[in-house]
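Secondary and tertiary structure notes
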Amino acid sequence: MPNPMRPYLLLSLVFFFNLYHSMAVSDPTHQALLQCLTQSIPTDTASSIIVSKSNPSYTSVLRAYIRNARFNTSSTPKPLIIITPLDESHVSAAVICSRKLGFQLKIRSGGHDYEGLSYVFDKPFFVLDMFNLRSITVNMADETAWVGAGATLGELYYNIWKNSKVHGFPAGVCPTVGVGGHLSGAGYGTLIRKYGLSVDHVVDAKLVDVKGKILDRKAMGEDLFWAIRGGGAASFGVVLSYKIKLVPVPETVTVFRIERLLTENATDITFKWQTIAPTTDENLFMRMLLQPVTRNKKKTARITVIALYLGDSDSLVSLLQKDFPELSIGKSNCNETTWIDSVLWWANFDLGTPPTALLDRDLNDAAFLKRKSDYVQTPIPKSGLESLWQKMIELGKVGMVFNAYGGRMDQIKPDETPFPHRAGNLYKIQYSVNWDEPGNEADKNFTTQAKLLHDFMTPFVSKNPRSAYFNYRDIDVGSTKKWSYEEGKVYGESYFNGNYERLVDVKTAVDPNNFFRNEQSIPPRSSKI
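Residues numbered from 1 in each chain as written. Predicted model: local features only at pLDDT ≥ 70, side-chain atom pairs only at ≥ 80, totals over all residues. Heavy atoms only, no water.

**A short note on the nonpolar core**
Ile228, Tyr242 and Ile244 are the most contacted members of the largest nonpolar core, which totals 74 residues. Of the residues forming this core, the biggest block, 6 residues, is contributed by helix 13 (residues 339-346). Both of domain 2 (136-248) and domain 3 (253-337 + 367-457) provide at least three residues apiece to this core. Among all residues touching Ile228, those that are not within four sequence positions of it are Leu183, Ser184, Ala205, Leu207, Met220, Ala233, Phe236, Val239 and Tyr242. Formed by 50 residues, the second largest nonpolar core is a distinct cluster that contains Ala69, Leu316, Val317 and Val398. (Core = buried A, V, L, I, M, F, W, Y, C linked by side-chain atoms within 4.5 Å. Buried < 20%, exposed > 50% of the residue type's maximum accessible area, 1.4 Å probe, protein only. Helix = DSSP H or I, 4+ residues; strand = E, 2+ residues; numbered from the N terminus. Domains from an automatic or database assignment. Contact = heavy atoms within 4.5 Å.)

**Some words on the sheet that holds strand 16 (residues 368-376)**
Strand pairing in a sheet takes place through backbone hydrogen bonds and is either antiparallel or parallel in direction. An order of 15-12-14-13-17-18-16 is seen for the 7 strands of this open sheet, with the pairing classed as antiparallel. Among the strands making up the open sheet, the edge pair consists of strand 15 (334-337) and strand 16. Between one strand axis and the next, the sheet turns through 20 degrees on average, direction left out of account. In terms of strand pairing, strand 13 (residues 284-295) meets strand 17 (residues 399-404) through 4 bridges, oriented antiparallel. Counted as the bridge partner of Arg287 is Asn403 from strand 17. Relative to the sheet, helix 11 (residues 266-276) contacts strand 12 (253-261), strand 13, strand 14 (298-309), strand 17 and strand 18 (427-435), its axis offset from that of strand 13 by approximately 155 degrees. Helix 12 (residues 313-323) contacts strand 12, strand 13, strand 14 and strand 15 of the sheet and is inclined by roughly 145 degrees relative to strand 15. (Pairing = 2+ DSSP bridges. Axes fitted to C-alpha atoms, helices over the stretch in contact; angles between N-to-C directions.)

**Brief notes about the UniProt feature "domain: FAD-binding PCMH-type" (unreviewed entry) in the protein**
With numbering matched to this structure, UniProt assigns "domain: FAD-binding PCMH-type" (unreviewed entry) to residues 75-249. The span residues 75-249 shows a helical share of 26% and a strand share of 25%, and its end C-alpha atoms are spaced 47 Å apart. (UniProt positions renumbered as here; feature names shortened; annotations may be inferred.)

**Points about empty space enclosed by the protein**
All chains considered together, the criterion is met by 2 cavities of 30 Å³ or more. In terms of lining, the largest cavity is formed by 13 residues, of which the most central are Tyr157, Ala171, Gly172, Thr190 and Val343. For the lining of the largest cavity, the element with the most residues is helix 13, which contributes 4 residues. Residue classes in the lining of the largest cavity are distributed as 9 nonpolar, 4 polar and no charged. The space that makes up the second largest cavity amounts to roughly 40 Å³. Surrounding the second largest cavity, Thr190, Leu191, Arg193, Lys194, Glu282, Asn283, Leu284, Phe285, Leu308 and Leu310 form its lining. Considering only residue class, the lining of the second largest cavity consists of 5 nonpolar, 2 polar and 3 charged. When residues of the lining of the second largest cavity are assigned to domains, at least three map to each of domain 2 (136-248) and domain 3 (253-337 + 367-457). (1 Å grid on protein atoms, 1.4 Å probe; cavity = no way out; pocket = protein on both sides within 12 Å on 5 of 7 lines; lining within 4 Å. Points joined across faces, edges and corners; volume = space filled by probe spheres on them. Nonpolar A, V, L, I, M, F, W, Y, C, P; charged D, E, K, R; others polar.)

See the structure below:
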């Protein structure tokens with residue numbers, strides 16, 4: 001039977017198509033960009049990768065990779081246009097045309113930039129969203145993989161697992177993080193003590209420079225290749241893909257999670273963790289969470305030790321009984337599993353979850369959040385820990401994550417990559433607070449809590465400079481308005497220590513007019529902005 005509504009549906013579709021087309025035609029920026037792109041891209045293709053505010057898909061495309069709900073409000077500055085390239089040549093055209101038209105270009109892969117700098121700007125701008133460029137090619141003959149900048153860590157781990165059950169890659173525990181941003185800012189995860197950072201295993205890359213040229217490692221030169229492995233590639237160009245070297249993992253690994261309250265020896269365990277976690281067997285990574293909690297209507301604090309051991313539970317228990325008896329760990333606390341299952345477990349999936357779960361991009365998943373970071377080079381004394389518990393309980397919401405260093409991290413020179421925080425650092429701290437309530441009052445309350453705890457920790461952390469981790473983007477570290485060398489030095493030396501000077505030299509050589517920029521980008525030596 002004919003559908004009586006069909007003519008009306010067709011008319012509605014035609015109406016909305018014509019409405020969108022007329023709005024696009026009346027948008028001079030859209031028209032100018034389209035006209036420029038069509039000089040190197042077929043018109044139909046160019047039209048399909050431009051998402052302007054008049055496009056019905058604009059809101060969903062923009063929102064899909066906003067991971068911090070603080071930057072998904074009506075007052076948040078929005079891009080005039082989102083460019084969603086389908087091919088490497090589209091990225092070249094986008095760079096050339098954005099420069100030609102005089103618009104700032106923000107580069108987004110997974111959207112996990114904690115301060116939203118990849119999709120927020122206070123002047124008219126475009127977003128170059130890389131989510132379509134996510135091909136992954138694994139070559140087991142030489143144990144490498146080419147990974148598109150728009151791929152997620154979950155997709156990378158899944159593709160490695162499909163090709164080998166005894167290979168992995170040292171990167172983060174959150175599967176929806178974009179490879180482009182993660183690797184360009186250094187990248188680390190549970191294999192850090194065994195294999196170092198993600199960027200320690202990058203052997204080649206493809207990048208679009210400010211002139212729109214596609215360069216590989218040989219063409220870009222060693223200075224630029226050095227800079228985009230931890231120095232924030234968005235200061236220098238647009239990374240299309242990275243070639244990475246895979247690492248071996250055993251058939252059996254062991255994970256455990258143990259919680260202790262203050263009344264259960266938490267202070268002694270935390271004090272001992274600071275010297276054991278960075279010095280124990282490099283096959284063992286132990287993360288520690290510190291959180292204020294309420295038990296029996298009484299405020300207290302809890303620690304949680306989460307671990308990955310590259311080996312079986314018998315050898316792990318034997319190791320910890322010798323090195324860390326305060327933890328009181330036994331085989332009953334441990335789960336033997338495979339490396340891919342440990343990846344899922346660390347991402348808060350139940351053991352036994354199919355690896356296909358790693359392919360879920362979890363679009364539109366955003367919480368209100370604030371993150372900060374520090375490095376600890378001398379153990380915090382027990383008296384300091386006691387006062388820390390009191391401060392955390394007083395503030396009420398902010399947690400801390402201690403990530404152990406040592407092992408391979410002690411063996412790599414601080415100038416090998418832009419990431420300088422190697423030997424001499426016992427562990428890194430991430431300050432973490434999430435909340436559900438929208439609005440300025442909640443935002444101010446919780447971000448202030450994070451700052452107060454960060455301030456409280458000043459006596460216990462690195463100094464001159466007080467260092468921070470670039471991938472835990474924190475605008476409080478410093479920001480720039482004029483992109484001067486002096487402004488950049490404030491946050492540049494916190495993130496990169498002595499490597500800031502070389503990063504400035506690279507920037508000056510490859511992008512002297514500072515087209516690629518954001519509020520915490522590397523400036524050229526003399527800015528013309």
